[in-house]
Amino acid sequence: MNQEFLDKLVQTLGKDTVIVEPAEVEPWLTDWRGVYKGGAQAVVRPASTRQVADCLRLCNEYRVPVVPRGGNTGLCGGATPDASPANVVLSLDRMNSIRSIDTIANTLVADAGCILGNLRRAAQDAGRMLPLSLAAEDSSQIGGNIATNAGGVNVVRYGMARELVLGIEAVLPNGDIFNGLQTLRKDNTGYDLKQLFIGSEGTLGVVTGVALKLYPSAQVRSVVLAAVNSPRQALELLRLVYGACGARLQAFEFFTDECLSLVLAQVEGMQQPFDERHGGYVLIELADTADEAALQALLEDVIGRALEQGLCQDAAVSASLAQLQALWRLREEISEAQRADGPHLKHDISLPIERIPEFIETAERRLRTVSPDCRLFIFGHFGDGNLHYNVSRPEGADKGWAKEWEGRIADTVFAEVAEYGGSISAEHGIGQLKRHAFHHHKDSMQIRLMLQIKQIFDPNSIMNPGKLL
Ligand SMILES: Cc1cc2nc3c(=O)[nH]c(=O)nc-3n(C[C@H](O)[C@H](O)[C@H](O)COP(=O)(O)OP(=O)(O)OC[C@H]3O[C@@H](n4cnc5c(N)ncnc54)[C@H](O)[C@@H]3O)c2cc1C
């Protein structure tokens, strides 16, 4: 701890903005899952971009490491400081104002600390939609979503966070403000530098403001849960549904029967969707701006064809909003059910979509040679080629199993992902969890370029040490 630095920090930002009491700092030092724990001399909660700049300038001067923190829902330990007691955790939670919503340009500009769910509701109130949507949206912040290039359930139609960003305001480690908060749809003036902040996981600077694209409100939604006997059937179903519904296809989510069993066992009030159990389930959502009856008819028609052609075994179409929400809960509660079950080894991977079924088969074979009785929970954003390939302890094994096996299991899964030309991180990022694997699997020339970019933005390496690079 550097008292001179702390005194200056408090003097510059004010007592209300800087937390230094160890007992008050403590709650900011762990991640959402409780897997990581770090140290820090202070937590700073700036209320403006100017205060972020003042904080970073001082940290840079004193070479104090800074860990940007959004909603702390990241699953890779990115917002958790390392063990050093010198860290400063910089939380954006007080920067939570919406700066503007424009329903002609279809844009929303907000502080980085705004909770994603609040932005989605504000857009909805203005008759527009912010399509970025994930199970953690009522805790995660838009700055964190941008810093991790979040995905979520609507990527199949609207793309990842990156595709929704028009502009970014950020503070560089030396306190300079990157004024890129524009809402232009077109700007071909050289390198698009804002892209560097997207997915940078707090290693290049602190995102303080974001300009996002809005879309017409998808007033009308229809959901079906289709039972399939295998991932191969799910793939054929995707081909049929996309061909028939095109841009109306808003989500195509897959989960195995093991995931359903876990949700039914761990989450209160959940109901079996079908009389019989099946190999897997696909949750399909169609959305449109108008004509509910036509959308429902389209969904029923396409599912009818799928049943006829043997591309699914059974189907439950939502007939009301309550049923739609109940079907979605079966998918959305999987993460909570895993948390209740105990530590799960999470692998957020992406693959060429057409090879997912083959991957699921060969990865399991390979994994069983390492740990014959481990339990697999496979689910995810199938329509984007993104699987959450999660592994847990064998029945009867104690909860320490995950710690003991995580390295071997991850090496095995990632080796298989590499064989298929996939990615070891689809949407959760690298953080501290995947740093080793990232350096092992990422092309060395690309890592070299990233290090050079890091050096330009952050020559004193104060931003989020021990994460990503
Ligand atoms: C139940 C559950 C479901 C989830 N589902 C999904 C999903 O479907 N898709 C998906 O992509 N993710 C998902 N996640 C992961 C997580 O919600 C996302 O990664 C989210 O984008 C993180 O946002 P956050 O505000 O919580 O960031 P944090 O966890 O606080 O931080 C994440 C990283 O971003 C950096 N950071 C945060 N704010 C800033 C900022 N303003 N400037 C610079 N760097 C910053 C941090 O240093 C850290 O490296 C899920 C998480 C949970 C718990």
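Residues numbered from 1 in each chain as written. Predicted model: local features only at pLDDT ≥ 70, side-chain atom pairs only at ≥ 80, totals over all residues. Heavy atoms only, no water.

Read across the open sheet, the four strands follow the order β1-β2-β4-β3; overall the sheet is mixed. The open sheet has two free edges, formed respectively by β1 (18-19) and β3 (66-69), since each of these has just one partner strand. In the sheet, β1 pairs with strand β2 (residues 42-44) via two bridges, with the strands oriented antiparallel. Considered in β2, the bridge of Val-18 is made with Val-44. (Pairing = 2+ DSSP bridges. Helix = DSSP H or I, 4+ residues; strand = E, 2+ residues; numbered from the N terminus.)

The next point concerns the side chain of Ser-200. Tracing the backbone shows Ser-200 in the loop between α7 (194-197) and β10 (206-213). A polar atom in the side chain of Ser-200 sits 2.8 Å from the backbone oxygen of Phe-197. Sequence-distant contacts of Ser-200, defined by excluding residues within four places in its chain, comprise Ala-147 and Leu-468. (Polar contact = N/O pair within 3.5 Å; in protein donor to acceptor, adjacent residues only side chain to side chain. Contact = heavy atoms within 4.5 Å.)

Turning next to the pairing of strand β14 (residues 280-288). Summarising burial for β14: eight of the nine residues are buried, a large majority. Here strand β12 (residues 220-228) runs beside β14; their pairing, made up of nine bridges, is antiparallel. Counterpart to Arg-221 in the pairing with β14 is Ala-287. Bridging between strand β13 (residues 249-256) and β14 involves seven bridges; their strand directions are antiparallel. Pairing of Ala-251 across the sheet is with Glu-285, part of β14. (Buried < 20%, exposed > 50% of the residue type's maximum accessible area, 1.4 Å probe, protein only.)

This model, assessed by the stated rule, comprises 25 salt bridges. Via salt bridges that share partners, Arg-99, Asp-111 and Glu-169 belong to a single interconnected network. (Salt bridge = Lys/Arg side-chain N within 4 Å of Asp/Glu carboxyl O.)

Here five strands make up an open sheet; going across it, the order is β5-β6-β10-β8-β9 and the pairing antiparallel. In this open sheet, the two edge strands, each paired with only one partner strand, are β5 (98-102) and β9 (177-180). Taken over all neighbouring pairs, the strand axes of this sheet differ in orientation by 10° on average, direction set aside. Inspection of the sheet shows strand β8 (residues 165-171) paired to β10 by six bridges, in the antiparallel sense. Bridge pairing links Gly-167 to Ala-211 in β10. Of the strands in this sheet, β5, β6 (107-111) and β10 are in contact with helix α4 (residues 116-125), which crosses β5 at around 35°. (Axes fitted to C-alpha atoms, helices over the stretch in contact; angles between N-to-C directions.)

Our next topic: the site of the ligand. Not every one of the 35 residues close to the ligand is listed here, only the nearest: Pro-68, Gly-70, Gly-71, Thr-73 and Gly-74. One nitrogen or oxygen atom from the side chain of Asn-145 is found 2.9 Å from an oxygen atom belonging to the ligand. Interatomic distance of 2.9 Å between a side-chain N/O atom of Glu-427 and a nitrogen atom of the ligand. At the level of secondary structure, the elements contributing two or more residues to the shell around the ligand comprise β3, α5 (142-147) and β10. Ranked by residue count, the leading element in the shell around the ligand is α5, at four residues. Taken together, the residues of the shell around the ligand break down into 12 nonpolar, 20 polar and three charged. Two domains share the shell around the ligand, each providing at least three of its residues, namely domain 1 (98-216) and domain 3 (342-428). (Near = heavy atom within 4 Å. Nonpolar A, V, L, I, M, F, W, Y, C, P; charged D, E, K, R; others polar. Domains from an automatic or database assignment.)

Here the focus is the domain arrangement of the chain. A common measure of how large an interface is: the accessible area buried when the components associate. What the domain assignment lists for the chain is domain 1 (98-216), domain 2 (220-335) and domain 3 (342-428). Just the C-alpha atoms count here: the centres of domain 1 and domain 2 sit 29 Å apart. Approximately 730 Å² of surface area, both sides summed, lies buried where domain 1 meets domain 2, with 54% of it carried by carbon and sulfur atoms. A per-residue breakdown of the area domain 1 buries against domain 2 is headed by Val-153, Val-156 and Arg-157, which together make up 67% of the total. Linking domain 1 with domain 2 are zero salt bridges. Linking domain 1 with domain 2 are four residue pairs in polar contact (both at pLDDT 80 or more), by the criterion used here. (Buried area = accessible area lost by both parts, 1.4 Å probe.)

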